[in-house]
Number of protein chains: 4
Amino acid sequence: MLNRIVLIGRLTKDPELRYTPNGVAVATFTLAVDRMRKSAQGERETDFINIVVWQKQAENVANYLSKGKLAAVDGRLQIRSYDDKDGQRRWMTEVVAETVRFLSPKDSGGSGPTDFIGAEMEHSDDDLPF
Amino acid sequence: MLNRIVLIGRLTKDPELRYTPNGVAVATFTLAVDRMRKSAQGERETDFINIVVWQKQAENVANYLSKGKLAAVDGRLQIRSYDDKDGQRRWMTEVVAETVRFLSPKDSGGSGPTDFIGAEMEHSDDDLPF
Amino acid sequence: MLNRIVLIGRLTKDPELRYTPNGVAVATFTLAVDRMRKSAQGERETDFINIVVWQKQAENVANYLSKGKLAAVDGRLQIRSYDDKDGQRRWMTEVVAETVRFLSPKDSGGSGPTDFIGAEMEHSDDDLPF
Amino acid sequence: MLNRIVLIGRLTKDPELRYTPNGVAVATFTLAVDRMRKSAQGERETDFINIVVWQKQAENVANYLSKGKLAAVDGRLQIRSYDDKDGQRRWMTEVVAETVRFLSPKDSGGSGPTDFIGAEMEHSDDDLPF
DNA sequence: TTTT
DNA sequence: TTTT
């Protein structure tokens, strides 16, 4: 009924860009998200979370994000089941991004992307009736 | 750069439905959101938060929500400034809902709304290329 | 660096309550969270998401939640790796709840739990210095 | 019943640090959070949102954040009413931060803060019973 | 101006 | 392994 997740972390690798049979862009990457508390042994712990982005955003991600860059993702958690090569049912978890924000400073001297991408929320309040 | 809020609470009154000059539906209502901790004097405390919803959702809200009903709102926090009648600058805070979910059980015997409304997130994963 | 998720859905079964070797309560359950958009074939789709809760909350969940009840969970997404019986590395995904709210109306005639449980946020503002 | 907000933006000024009568640290600052869509006239729009942080975090914020720095805030929306000098009831809105993350790169050559601060979530899963 |  |  409601499913909303926000993550901030760093890309473990460059994003991968593909296209569906009907030509829709999809980018995937993994975010390393450090936990706030350390393990019992005092090591830092990290969740590695797979992200999927669609369409224009997928292309922006592929163009402007790369390994090690800091990013924020706002989306929903999705769990897909599939059967592996041995016919075993497996589950895969991923976050379907609604918006991705680039948080690493633009490379100085770079051509400079706009500093955000994402689906627009609905409406202007320019002429509210109240 | 990123602005995301999720609230669950009860409507303090029936929602109000209006239309912009160009015919776009807008509904407004207030959610009473109880805080988890009580005040120093042991009283329960509550935040009263104004919500704005647009378009089709505005009409659904007007049709299916009413005073006392439980609802979840997912949106963004917005602060608008305006000048009051004395020419003083004031600020008003409201949450612009992206989705509103109805959490009170449908009235038994009622004709029964669908149990949710809201903007759709972007994409199907029916034919992922991986 | 930041990892925050909010879910609303229904329990697929009664929660399970266990204790760690050192006596800390842990409850687990699965939330069925309907997606907003239907599949290409027009079926409703659902994510089944595993939830873990600790301590006092675990016991409240075990006492007051049961199969089919509506609940909201606020927490963080965690991915643990483990090796299955064939020595294969597997991942399991779960949401570690910080708070769980009970959204189904209390059974009429029931003894009535308090209608929420959860970790408290930090501070009162009773004597702010401004 | 549930109230959760996540913001990313830049500090409009250096944070202010104060202490309650009983010696508890409180820091306040304002985050400039750009909206994703531009106004009808094509200008970028921004929400200026007041943030409050308590205790150890307040001191960290005062030490490591300053005007222009990028930060993420995770907390709850709070609305307090007060009476102004003319005896008029006014409302003020602020976000009570549970965690604040520093997103600007540490100044090269600086002494280097830890790169996050915040309340810890509850439990380790080092000895889960399952 | 406030809800169960 | 799944809920209304």
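Here's what I pulled together on the structure shown here. (Residues numbered from 1 in each chain as written. Chains lettered and ligands numbered in written order. Predicted model: local features only at pLDDT ≥ 70, side-chain atom pairs only at ≥ 80, totals over all residues. Heavy atoms only, no water.)

1. Some thoughts on the protein's contact with DNA strand F
What counts, and what does not: It suffices for a single heavy atom of a residue to lie within 4 Å of a molecule or strand for the residue to be listed as near it. For the purposes of these results, a polar contact is taken to be a pair of N or O atoms within 3.5 Å, where, inside protein, one atom must be able to donate a hydrogen and its partner to accept one; residues adjacent in sequence count only when each atom of the pair is a side-chain atom. Under the DSSP-based scheme used, a helix requires at least four consecutive residues in state H or I and a strand at least two consecutive residues in state E, with every element numbered from the N terminus. When residues are sorted by character, Ala, Val, Leu, Ile, Met, Phe, Trp, Tyr, Cys and Pro go into the nonpolar class, Asp, Glu, Lys and Arg into the charged class, and all the rest, Gly among them, into the polar class.
With respect to spatial proximity, 13 residues lie near DNA strand F, and among them Arg89(A), Arg10(C), Ala32(C), Thr46(C) and Phe48(C) are the closest. In the model, a phosphate oxygen of DNA strand F is placed 3.5 Å from a nitrogen or oxygen of the Arg89(A) side chain. Counting only elements with at least two residues in the surface near DNA strand F, the list comes to strand S6 (89–102) of chain A together with strand S1 (2–11), strand S3 (25–34) and strand S4 (46–54) of chain C. In terms of residues, the surface near DNA strand F owes the most to one element, S3(C), which gives three residues. Partitioning the surface near DNA strand F into residue classes produces four nonpolar, four polar and five charged.

2. A look at the environment of Ala32(A)
Residues and elements named next belong to chain A. This is how the line gets drawn: For each residue, the accessible area found with a 1.4 Å probe, counting protein chains only, is set against the maximum for its type, and the residue is called buried under 20%, exposed over 50%, and partly exposed in between. Residues are treated as being in contact if the distance between any of their heavy atoms lies within 4.5 Å.
Structurally, Ala32 can be placed in strand S3 (residues 25–34). What makes Ala32 buried here is its relative accessible area of 18%. In the structure, Ala32 is positioned 14 residues away from Thr46 in sequence and 6.2 Å away in space, judged by C-alpha atoms. With residues near it in sequence (within four places) discarded, Ala32 still touches Gly9, Arg10, Thr12, Thr46, Asp47 and Phe48.

3. Digging into the protein's contact with DNA strand E
The full set close to DNA strand E counts 13 residues, and Arg10(B), Arg44(B), Thr46(B), Phe48(B) and Arg89(D) are the nearest of them. Counting only atoms of DNA strand E within 4 Å of the protein, the fraction found in sugar and phosphate groups is 39%. Residue Arg10(B) places a side-chain N or O atom 3.4 Å away from a sugar or linking oxygen belonging to DNA strand E. The contact in question runs from a base nitrogen of DNA strand E to an N or O atom on the side chain of Arg44(B), over 3.4 Å.

Any link to function would need more than the numbers given here.
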